[in-house]
Amino acid sequence: MGTPIDPNDALGMNAPIERRDLLNSTLVAAGGVLLQSLAPLQLLAKEDWTGFGGVGDYATSNGNTYEVMTAGHKIRDHAFDGALPEIIDTHEEFDCIVAGGGISGLAAALFLERSGRRALGKQPLTCLVLDNHPIFGGEAKRNEFQVDGQRLAAHQGSAACFPPLNGTFLAQFYDSIGIDWKQFQYQKWTGPSPEFAIQTAPYPVGGPTAGFFFGAKFGHPEGLWLTDPWGKRLEGAPIAENIKRELLSMREADRKPFSAHRFQPKQHGDAASRHLDSITLENHLVETYGLSVETVRTFLSPIMGGGSGLGADVLSAYCEYAPDVLLPWDYKQGAQMFPGGNAGIARHMLKQLIPHAISGGNSMQEICRGRVQFSSLDRSGQATHVRLNSTVVSVKHEGTPEAARTVEVLYTRGGKLYRVRAKSVIMAGGSWTTKHVVPDLPATCREAYAQFHRAPCLMANVAVRNWRFLYKLGLTECQWFEGIGNYLTMRKMPTFGTDPATISPDSPVVLNLKILFSNPGLTLEEQTSRGRMDLYSTPFRSYERQIREQFHSFFSRSGFNAGRDIAGIILNRWGHAYLSPKPGFFFGLDGKPGPGEIIRQHPYGRIAFANSDLAGIMDHRMSILEAQRAVGQIMGKLN
Ligand SMILES: Cc1cc2nc3c(=O)[nH]c(=O)nc-3n(C[C@H](O)[C@H](O)[C@H](O)COP(=O)(O)OP(=O)(O)OC[C@H]3O[C@@H](n4cnc5c(N)ncnc54)[C@H](O)[C@@H]3O)c2cc1C
């Protein structure tokens, strides 16, 4: 008998990759078993949470950091209510404090700065942006890998951007921050292998290089790939004929990506959109396409409504349509993407606000590749400050909301509690913290915020030394219906942000694996809390093992070797990734407006509210538009 094969070796668990080996592998091997006995709220230790964070400016900020998660839980558990000892007063007073340094918070700071500049005879308005992560951007951050001498980037969360229609406010805004859509020129194909069309964005489109994987759940423990499933009309898929017919009739009815949809309402607020918001996405799919509930739950949850993170059975049907109704764009140009996703947009805004914040000049190449100058973000004398690693824990008017001249903001940083004041505050951090941080929020807003639910998401970026194993299968995107995750995609990069101007199956790339936590059949609240429990209690090495096992079962027969081919894995854990709208979220129930509209219409004293979640859709364009509205609401309070 030969030496038994160590399963860890086959998966490359012990291979020298960029991962930060903090755990003893024997302990880790037991992780999956231990996991099952974890009490629901037992959290991981920091070293089990974080894993490898990549290289470069974002290396210590992959997803929600451990510190962000624990500080958030202290707010939720009222640790900052009542009399607080040892508050350090910074004696600073700003025109505005923005809580949250994502795209919405940065946009708010920028609108404020521009409004101040326009008000003749005024000093520039001063603004402090407080964000709880080690780097600005919120969900719009990037991961960077160094693989065999090449720098690779990938998005941590917010990914694609959409060329706006000419003459719109968004077109002017992008232009004003230096985004030139013509510069999105992507890597060209190279080498002798016949060319594959590669997407520019990480969302599956189901073209000729798409694949469905069927495993044990479908009677194929050895694994079965169906490439070009739609082109082949699902022929060869191990699923019942009636389910095939259902899926095909739906696909053929109108599910072409990025084109007008047959059931798309014409206007936000018309009868069609209101009807869609009154039912679940699952009911809509059943009624409209004649799908069975089983088909929806097996094949479409959570891919449809995927921008909301949960099963179609609990989401408003309108969430599938709202982005295109609210934000029409120039479909012909196609979705575009910076190497690190919408981190690119956050960087452009920061460069406008604080010109020295990113080294180099103002070209798209320089803003993408320059290093963040952290010491420039919060220097005395500048109008806008961005203070990182700072969690806002309390926001209160100093006096009654009607009469107060200032708002007191408390934040924690490095284990200490600080006080700072402002004439106004914009809460841009999102519903998940805002509702806890403004303690005397009026009942109208409190009740509205109680209707906001945010689902978790895990974005795993897997850097591979080449993708020939995918190429051999004829794939650039894959979807599956069992095991960890939902789909993975690869994409080509815009050349202003990446060195190799070409791509071939032998190029190193980052595969983006989307892991959503839908549990159709449970309530929305149960789905979000179960998902978070999974996300918060699964150690890095346990996720790593599951991902390696999944890749091994998918690709080992086309030459993939986990130990040899995986160069690095970064996990981005987002505890509150997606606003998940229940039916009624958009247009309200019982004659009342929807909760987002209530929050928009009710700035509270000197405090206004932003963040994309108010719109019911997670889209950076809404982050910008909500910021613009919120700044308009506080401008009258700055005298
Ligand atoms: C996985 C994923 C994929 C996505 N893909 C796309 C896409 O392809 N295209 C697109 O347009 N959008 C996408 N989005 C939506 C994304 O939410 C928006 O694009 C945008 O990045 C949201 O910006 P924001 O500023 O509104 O919120 P956030 O990005 O959430 O920013 C809020 C910031 O405030 C911080 N914060 C919260 N509370 C506090 C506090 N108390 N104190 C201090 N800081 C606080 C948060 O931690 C965060 O850093 C995606 C989102 C996710 C999660």
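How each quantity is defined
- Residues numbered from 1 in each chain as written.
- Predicted model: local features only at pLDDT ≥ 70, side-chain atom pairs only at ≥ 80, totals over all residues.
- Heavy atoms only, no water.
- Pairing = 2+ DSSP bridges.
- Helix = DSSP H or I, 4+ residues; strand = E, 2+ residues; numbered from the N terminus.
- Axes fitted to C-alpha atoms, helices over the stretch in contact; angles between N-to-C directions.
- Contact = heavy atoms within 4.5 Å.
- Near = heavy atom within 4 Å.
- Polar contact = N/O pair within 3.5 Å; in protein donor to acceptor, adjacent residues only side chain to side chain.
- Nonpolar A, V, L, I, M, F, W, Y, C, P; charged D, E, K, R; others polar.
- pLDDT = per-residue confidence, 0-100.
- Parallel < 35°, antiparallel > 145°, perpendicular 65-115°, else oblique.
- Phe/Tyr/Trp six-rings, centres within 6.5 Å; stacked < 30°, edge-to-face > 60°.
- Left-handed = near helix turned anticlockwise from the far one by under 90°.
- Buried < 20%, exposed > 50% of the residue type's maximum accessible area, 1.4 Å probe, protein only.
- Disulfide = S-S within 2.5 Å.

Caption draft 1: Just the sheet that holds strand β12 (residues 454-464), in detail. The mixed open sheet is built from seven strands, whose spatial order is β7-β6-β13-β14-β16-β12-β17. On the outer flanks of this sheet lie β7 (224-227) and β17 (566-579), each paired with one strand and no other. Strand-to-strand, the axes of this sheet are offset by a mean angle of 20 degrees, without reference to chain direction. Bridge analysis of strand β6 (residues 210-214) against strand β13 (residues 477-480) gives four bridges, and the strand direction is parallel. If you follow F213 over to β13, its bridge partner there is W480. Its contacts with the sheet place helix α19 (residues 540-555) against β6, β7, β12, β13, β14 (487-489), β16 (509-516) and β17, and it is angled at close to 115 degrees to β17.

Caption draft 2: Spotlight on the site of the ligand. Every one of the 35 residues lining the ligand counts as a neighbour, but E139, S158, Y203, T433 and H620 are closest to it. One of the side-chain nitrogen or oxygen atoms of N132 is found 2.7 Å away from an oxygen atom of the ligand. A distance of 3.3 Å separates an oxygen atom of the ligand from a polar atom in the side chain of H133. Broken down by secondary-structure element, the contributors of at least two residues to the shell around the ligand are α6 (103-118), β9 (391-397), α15 (431-437), β12, β17 and α22 (620-634). Its residues placed into classes, the shell around the ligand shows 14 nonpolar, 18 polar and three charged.

Caption draft 3: Quick peek at the confidence of the model for the protein chain. Residues with a pLDDT of 70 or more make up 92% of the protein chain, whose mean pLDDT is 91. Residue range residues 1-5 is modelled with pLDDT below 50. Its contacts to residues more than four positions away, or to other chains, number zero contacts. Across residues 20-40 the pLDDT falls below 50, and counting only partners more than four positions away or on other chains, this stretch makes 20 contacts in the model.

Caption draft 4: The packing of helix α7 (residues 169-176) against α22, seen in detail. Close contact between α7 and α22 brings their axes to 12 Å; oriented N to C, the two are set at 95 degrees. In terms of their interaxial angle, α7 and α22 are classed as roughly perpendicular. Of the residues in α22, those in contact with F169, L170, F173 and Y174 of α7 are H620, R621, I624, L625 and Q628. Class assignment for the residues of the contact of α7 with α22 results in six nonpolar, two polar and one charged.

Caption draft 5: Structural view of the packing of aromatic side chains. Using the criterion set out here, one finds 48 aromatic pairs in the structure. Here F212 and F481 contribute two aromatic rings whose centre-to-centre distance is 5.3 Å and whose plane-to-plane angle is 85 degrees, an arrangement assigned as edge-to-face. Here F212 is found in strand β6, whereas its partner F481 is found in the loop between β13 and β14, with 269 residues between them in sequence. For the pair F299 and F481, a centre-to-centre distance of 4.9 Å together with 70 degrees between the ring planes defines the contact as edge-to-face.

Caption draft 6: Examining the packing of helix α10 (residues 281-289) against helix α11 (residues 293-300) more closely. Contact pair α10 / α11: the axes reach a minimum separation of 9 Å and the direction vectors enclose 120 degrees. Here α10 is positioned oblique relative to α11, judged by the angle of their axes. α11 is crossed by α10, and the crossing has right-handed handedness. On α11, the residues touching E282, L285 and V286 of α10 are V293, V296, R297 and L300. Here the residues of the contact of α10 with α11 sort into five nonpolar, no polar and two charged.

Caption draft 7: Seen up close, the pairing of strand β2 (residues 127-130). Burial along β2 is two-sided: C127 and V129 and L128 and L130, pointing in opposite directions, are all buried. Bridging between strand β1 (residues 87-99) and β2 involves four bridges; their strand directions are parallel. Within β2, the residue paired with C96 across the bridge is C127. Sheet analysis places β2 next to strand β8 (residues 384-387), joined by four bridges and oriented parallel.

Caption draft 8: How the structure looks around the state of the cysteines. With the rule as written, the count across this model stands at zero disulfides. Left unpaired, C96 is separated from the closest cysteine sulfur, that of C127, by 5.1 Å. For C96, a relative accessible area of 0% corresponds to the buried category. For C319, which is in no disulfide, the shortest distance to another cysteine sulfur is to C457 and amounts to 15 Å. With relative accessibility at 7%, the residue C319 sits in the buried group.

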